[in-house]
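Below, each chain spelled out in residue letters.
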Amino acid sequence: MAGPRGNRGTDLWDVARRQRPGPQAAIRRHAHAGPAPVGRGPSRRPRSTWRRRSGRLRPLADADEHQPRRPTDEPRSRRTQVAHTQPQDGPGAPPVLWQPTAADRESSRVVEFLRWLERERGLAFADYDDLWRWSVEELEHFWDAVWRFFAVPASDPYSAVLSDRAMPGARWFEGSRLNYAEALLSGASGDRPALIAVAEEGPPREVSRSELRGQVGALAAALRDLGVGPGDRVAAYLPNIPEAVVALLATASLGAVWTSCAPDFGLRSVVDRLGQVEPTVLIAVDGYRWAGREHDRRDVVAQLRAAMPSVHTLIIVQSLYPDAPLTPSEDLPYSDLVARPREPVFEQMDFAAPLWVLFSSGTTGLPKGIVHGHGGIVVEHLKALGLCLDLRPDDTFFFPSSTSWMAWNFLVGGLLHGSTVVLYDGSPAHPSPDALWQVAARTGASVLGMGSAYAAACAKAGVVVPGDTRARLRTVIPTGSPLPLSGWQWLGDQLGPQVRIDSICGGTDVCTAFFGGSPLLPVWQGEISGRWLGVAAAAYDPDGRPLVGRVGEFVLTAPMPSMPVGFWRDPEGARYRSSYFETFDGVWRQGDWITLTERGSVVVSGRSDATLNRGGVRLGSAEIYGVVESMPEITDSLAVGIELPDGGYSLRLFVVPAAGVEVDAGLRERIVRALRQELSPRHVPDEIVAAPGVPRTLTGKKLEIPVKRILQGTDVDAAVSDGAVDRPDLLSWFAAPTSPEPRPSR
């Protein structure tokens with residue numbers, strides 16, 4: 001498969017196979033190999049010198065003369081424009097939930113980075129917005145600084161930071177060679193555990209850094225004996241347990257390509273994903289526990305193996321049934337393969353060599369296989385988790401996730417910073433709604449991630465966060481979907497001003513966040529604090545003009561290192577280009593509505609392809625959900641706009657009532673009144689219909705577009721793959737005729 005970056009007619013895994021001899025050869029190691037100095041022999045590369053002029057940063061001397069630069073007086077094309085916002089308070093600003101203290105700033109890693117920039121590069125910045133603007137306008141200097149500040153372990157230096165800025169096709173850190181697993185396993189040393197595994201039953205289990213390294217080396221040696229090498233694919237059907245982390249790192253250490261699905265996925269969903277990459281080895285669990293119930297997956301694993309003829313070896317993690325016999329001469333017990341620790345050997349890979357394949361939701365067809373490279377993920381997770389999220393070596397990072405969701409890969413990236421990573425295999429609401437908070441308390445979590453839906457559910461259930469949990473927490477991260485106002489209010493009330501509520505918004509596409517908080521920025525209720533460093537995000541109107549203070553299409557006007565190196569089975573890059581670059585030439589379109597405020601904060605309004613349209617005015621579904629789902633009578637909702645054959649438009653709101661609640665005329669009127677008063681008359685739906693539930697993807701996103709297509713008459717099977725849905729039975733309900741209630745008066 002050739003991605004959109006060239007190598008036409010060549011498969012990505014073949015590119016990986018053409019690596020030069022790796023660790024078996026004598027390689028001179030450079031602790032943080034950067035660009036080879038130009039005309040200066042082995043001496044240290046001279047730094048660029050900058051000074052402030054009229055509020056903007058300008059280079060005085062640039063040592064990278066081999067890299068062409070845009071003249072400072074050259075007009076910038078619209079494609080590279082980003083809307084300028086300056087963090088500020090003012091009339092109409094929402095309440096501030098958190099304000100950084102001097103101690104917060106001075107102890108942060110981003111301030112450490114700023115000191116390094118001043119010391120090593122002679123750079124100084126007035127505020128976060130100034131730093132952000134430099135990070136997106138001077139990409140080469142910013143990412144070179146990230147590489148050197150974090151001392152990326154690489155065996156070969158890069159010849160240029162960014163050879164080509166064009167999107168798609170940007171080429172990063174060409175010439176450099178490194179390995180993702182090596183970077184993670186060299187993240188820190190010491191007595192603190194690398195992993196803490198927590199299940200619904202039993203005490204937490206700690207895995208030390210030396211144990212993790214030894215198990216990775218042992219499993220990698222076993223895989224190598226099975227013939228796995230650079231470019232081969234290793235697939236996993238595993239929950240969020242230490243064995244999954246070991247398997248990922250062992251696979252990456254060999255230069256092989258990793259991909260995974262959680263065991264709550266059914267047969268068809270797994271084959272649709274893992275089957276695409278034709279893995280040679282499958283590592284699978286025999287079962288898992290969820291919400292107090294055991295789920296035997298042995299039959300599904302057997303069917304998976306039969307459905308993927310490329311698999312020649314099955315490695316079984318015996319979790320539920322440790323004493324059950326395995327198939328003689330066919331299945332290998334994972335525990336035997338890691339019984340004797342081995343020192344890992346790291347295959348040195350090109351910066352863009354495939355690391356893993358993540359998958360899109362697959363709601364409208366076969367899931368897209370999104371390929372990320374070793375180097376892009378390393379530098380992005382160093383920047384995102386370190387400079388933006390402020391993860392530190394003494395942190396305990398807890399982000400409950402599934403191995404099917406990019407948040408799991410993001411969580412594992414905490415090892416880059418020497419943090420202890422908490423792996424929770426279970427329901428966040430079992431045996432009680434505060435189960436996740438209890439796990440945080442048991443593990444001493446200092447940085448805690450959670451789905452926005454969970455935070456909203458805690459608010460409805462009246463969960464009280466224990467004082468000892470609050471005392472340990474420094475940051476709480478709601479994400480996955482826009483957080484309703486009730487969730488913001490509840491988190492603010494429960495956590496108080498000492499805990500930063502760092503709402504973030506990211507995507508599987510880049511395996512990171514685009515927007516989030518910073519130890520340098522305040523947190524405004526209902527808003528994400530800002531654009532993360534290195535993320536040239538803008539809101540565009542339909543003509544491609546940047547907007548501030550108004551809803552626009554979320555775009556990226558400059559490349560990021562963790563953008564996909566391609567899609568799997570996309571030889572000419574056609575699917576990749578059509579997914580992101582068809583709307584605006586040379587500009588990445590993410591597919592979300594956002595507002596960049598005058599304060600520099602960000603409001604995400606929902607998917608732009610699921611936009612509600614009333615009289616030519618675009619409405620975000622997230623606004624409606626925030627109002628409706630804050631009502632105690634409603635547990636869930638789905639808003640869908642339907643274009644009618646006569647040219648009219650119908651906005652339908654499906655609501656899931658709480659137990660014992662009837663969706664009668666009185667409740668409908670209260671919903672209408674709340675939407676009219678808190679939003680506008682345009683947000684009032686034409687129909688309010690009681691629904692048995694809201695279908696979601698397996699990673700928790702509401703299926704707005706497939707439901708819209710079903711309501712317009714598309715067959716259920718054609719509208720969405722049922723293997724990509726948490727409750728396929730709900731799709732049939734939406735396909736059946738419903739009796740609409742009288743049209744509410746707006």
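Each remark here, short or long, concerns the structure printed above.
What this report covers is the structure whose coordinates are included nearby. The model shown is predicted, which means the values in this text are computed figures rather than measured ones. Throughout, a residue's number is its position along its own chain's written sequence, starting from 1. Confidence filtering applies because this is a predicted model: local features only for residues at pLDDT of at least 70, side-chain atom pairs given and counted only at 80 or more, and all residues used for totals across whole chains, interfaces and linings. Note: side-chain values were computed over all heavy atoms of the structure, leaving out hydrogens and water.

### Here's the deal with the overall build of the chain
Here is step 1: Strands here are runs of E lasting at least two residues and helices are runs of H or I lasting at least four, both read from the DSSP assignment and numbered beginning at the N terminus. When its secondary structure is counted, the chain shows 23 helices and 38 strands.
Here is step 2: Residues counted as buried form 60% of the 746 residues belonging to the chain.
Here is step 3: Per-residue and other accessible areas were derived by the Shrake-Rupley procedure at a 1.4 Å probe size, with only the shown protein chains allowed to occlude residues. For the chain, the computed accessible surface area is about 28300 Å², with 49% contributed by carbon and sulfur atoms. Relative accessibility under 20% of the residue-type maximum defines a buried residue, over 50% an exposed one, and the middle range a partly exposed one, all with a 1.4 Å probe and only protein chains included.

### Digging into the pairing of strand E13 (residues 293-296)
Here is step 1: Paired strands, as defined in this entry, are two strands with at least two bridges between them according to DSSP. Alignment of strand E12 (residues 287-290) against E13, held across 4 bridges, turns out to be antiparallel. Bridged to Trp 290 within E13 is Arg 293.
Here is step 2: Where E12 hands over to E13, the hairpin turn is made up of 2 residues, of which Ala 291 adopts a positive phi near 55 degrees.

### Notes on the pairing of strand E7 (residues 195-199)
Here is step 1: Taking burial as the measure, the 5 residues of E7 include 4 buried ones, the bulk of the element.
Here is step 2: The pairing of E7 with strand E20 (residues 420-425) spans 5 bridges and is parallel. In the strand pairing of E20, Ala 197 is matched with Leu 423.
Here is step 3: Pairing of E7 with strand E8 (residues 205-207) involves 3 bridges; the strand directions are antiparallel. Opposite Ala 197, over in E8, you have Arg 205 as the bridge partner.
Here is step 4: Between E7 and E8, which follow one another and run antiparallel, lie 5 residues, and Gly 202 among them has a positive phi close to 90 degrees.

### Digging into the packing of aromatic side chains
Working definition: an aromatic ring pair is given by the centre-to-centre distance plus the angle between the planes.
Here is step 1: Two aromatic rings, drawn from Phe, Tyr or Trp (for Trp, its six-membered ring), form a pair once their centres lie within 6.5 Å of each other, and the interplanar angle then sorts them: stacked below 30 degrees, edge-to-face above 60, tilted otherwise. If you walk through the whole model with that rule in mind, you get 35 aromatic pairs.
Here is step 2: Ring centres of Phe 125 and Trp 134 lie 5.2 Å apart, and the angle between their planes is 50 degrees; on these two criteria the pair is classed as tilted. Residue Phe 125 shares its accessibility class with Trp 134, and that shared class is buried.
Here is step 3: Arg 531 extends its terminal NZ or CZ atom over the ring of Trp 132, reaching a point 3.9 Å from the ring centre.
Here is step 4: Distance and angle both matter: a charge sits over a ring if NZ of Lys or CZ of Arg is within 6 Å of the ring centre and within 35 degrees of the ring normal. Against the face of Tyr 625 rests Lys 702, its NZ or CZ located 3.5 Å from the ring centre.

### Brief notes about helix H9 (residues 267-274)
Here is step 1: Buried within H9 we find Ser 269, Val 270, Asp 272, Arg 273 and Leu 274.
Here is step 2: The contact criterion used is simple: two residues touch if any of their non-hydrogen atoms lie within 4.5 Å. Considering only its buried residues, H9 is in contact with strand E9 (233-237), strand E10 (257-261), strand E11 (281-285), helix H10 (298-307) and strand E17 (354-359).

### Some points on the pattern of salt bridges
Here is step 1: Think of a salt bridge as a Lys or Arg side-chain nitrogen and an Asp or Glu carboxyl oxygen that are within 4 Å of each other. If you walk through the whole model with that rule in mind, you get 31 salt bridges.
Here is step 2: For Arg 500, the salt bridge identified is with Asp 502, shortest N-O distance 2.9 Å. In terms of burial, Arg 500 and Asp 502 fall into one category: buried.
Here is step 3: When salt bridges with common partners are traced through the structure, they connect Asp 390, Arg 392, Asp 395 and Arg 474 into a single cluster.

Scope: geometric values only; no functional claims are made or implied.
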